[in-house]
Amino acid sequence: MNSKALIRLVTAIALILLVPLTMTVIDRGKAPGEGWQWGPGDFLVMACLLFLAGLAYELLARKLPGAAQRVALGIVVALVAGAVWVELAVDGVSQLIAWLAH
């Protein structure tokens, strides 16, 4: 991965994490369990998840011949990262699977 790709990736991660940071600041007066209340560990885990997803995309996209394949790869990587994010946040994927199996 070249330095431009790394800078793009880190910038994208910082911009994405501005959303939960903003919401955490806005919701700081709410009771526990309500609103966004991220701690430093939450930001670290999500930054790692996003970095690994971006790194996986960058490494795999190089091997794909066309733009359509790279777009498809981006969609798949984003969906997988989103599913992991939802699972870590609220057990959403596990609850969906349990609901579908019921």
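Above this text sits the structure in question.
Reading the values: the criteria
Residues numbered from 1 in each chain as written. Predicted model: local features only at pLDDT ≥ 70, side-chain atom pairs only at ≥ 80, totals over all residues. Heavy atoms only, no water. Helix = DSSP H or I, 4+ residues; strand = E, 2+ residues; numbered from the N terminus. Expected span 1.5 Å × (residues − 1). Buried < 20%, exposed > 50% of the residue type's maximum accessible area, 1.4 Å probe, protein only. Axes fitted to C-alpha atoms, helices over the stretch in contact; angles between N-to-C directions. Parallel < 35°, antiparallel > 145°, perpendicular 65-115°, else oblique. Left-handed = near helix turned anticlockwise from the far one by under 90°. Contact = heavy atoms within 4.5 Å. Nonpolar A, V, L, I, M, F, W, Y, C, P; charged D, E, K, R; others polar. Phe/Tyr/Trp six-rings, centres within 6.5 Å; stacked < 30°, edge-to-face > 60°. Core = buried A, V, L, I, M, F, W, Y, C linked by side-chain atoms within 4.5 Å.

J.: Got a sec to walk through helix 3 (residues 67–90)? Specific residues and values, please.
T.: With 24 residues, helix 3 ought to run about 34 Å at 1.5 Å a step, and its terminal C-alpha atoms sit 34 Å apart, in line with that. For helix 3, the full list of buried residues reads Leu 73, Val 77, Ala 81 and Trp 85.

J.: Talk me through the packing of helix 2 (residues 40–61) against helix 3; I want residue IDs and the actual numbers.
T.: Running from N to C, helix 2 and helix 3 cross one another at 160°; their axes reach a closest spacing of 10 Å. As far as their axial angle goes, helix 3 and helix 2 are roughly antiparallel. As for how helix 2 packs across helix 3, the hand of that crossing is right-handed. Side by side, helix 2 and helix 3 meet where Val 45, Met 46, Leu 49, Leu 50, Ala 53, Tyr 57, Leu 60 and Ala 61 of the first sit next to Arg 70, Leu 73, Gly 74, Val 77, Ala 81, Val 84, Trp 85 and Leu 88 of the second. For the contact of helix 2 with helix 3, the residue count by class is 14 nonpolar, 1 polar and 1 charged.

J.: Any chance you could break down the packing of helix 1 (residues 3–26) against helix 2 for me, citing the residues and the numbers?
T.: Close contact between helix 1 and helix 2 brings their axes to 10 Å; oriented N to C, the two are set at 145°. Between helix 1 and helix 2 lies a crossing of right-handed hand. Of helix 2, the residues touching helix 1 (which contributes Ala 5, Leu 6, Arg 8, Leu 9, Ile 13, Ile 16, Leu 17, Pro 20, Leu 21 and Thr 24) are Phe 43, Met 46, Ala 47, Leu 50, Phe 51, Gly 54, Leu 55 and Glu 58. Residues belonging to the contact of helix 1 with helix 2 are distributed by class as follows: 14 nonpolar, 2 polar and 2 charged.

J.: Lay out the packing of aromatic side chains in plain terms, naming residues and giving numbers.
T.: Both the distance between ring centres and the angle between the ring planes are used here to describe each pair of aromatic rings. By the definition in use, this model includes 3 aromatic pairs. Centroid distance Trp 38 to Trp 85: 5.8 Å. Interplanar angle 45°. Geometry classified as tilted. Remark: Trp 85 occurs in helix 3 and Trp 38 occurs in the loop between helix 1 and helix 2; sequence separation between them is 47 residues. Trp 85 matches Trp 38 in its accessibility class, with the two residues each being buried. Aromatic ring contacts, followed pair by pair, group Trp 36, Trp 38, Phe 43 and Trp 85 into a single cluster.

J.: Give me the lowdown on the nonpolar core, citing residues and values where you can.
T.: In this structure, Leu 9, Ile 13, Leu 17, Trp 38, Phe 43, Met 46, Leu 49, Leu 50 and Trp 85 together form the largest nonpolar core, which totals 9 residues. Mapped onto this core, the elements with two or more residues apiece are helix 1 and helix 2. Of the residues forming this core, the biggest block, 4 residues, is contributed by helix 2. Aside from chain neighbours lying at most four places away, what touches Trp 38 is Leu 17, Pro 20, Thr 24, Phe 43, Met 46 and Trp 85. Counting 5 residues, the second-largest nonpolar core is a separate cluster that includes Ala 53, Ala 61, Val 77 and Ala 81.

J.: Give a detailed account of the environment of Leu 6, specifying residues and quantitative values.
T.: Assignment of secondary structure puts Leu 6 in helix 1. For Leu 6 and Pro 65, which are 59 residues apart along the polypeptide, the C-alpha to C-alpha distance reads 21 Å. Not counting chain neighbours up to four residues away, the residues in contact with Leu 6 comprise Met 1 and Phe 51.

These figures come from the coordinates and say nothing about function on their own.
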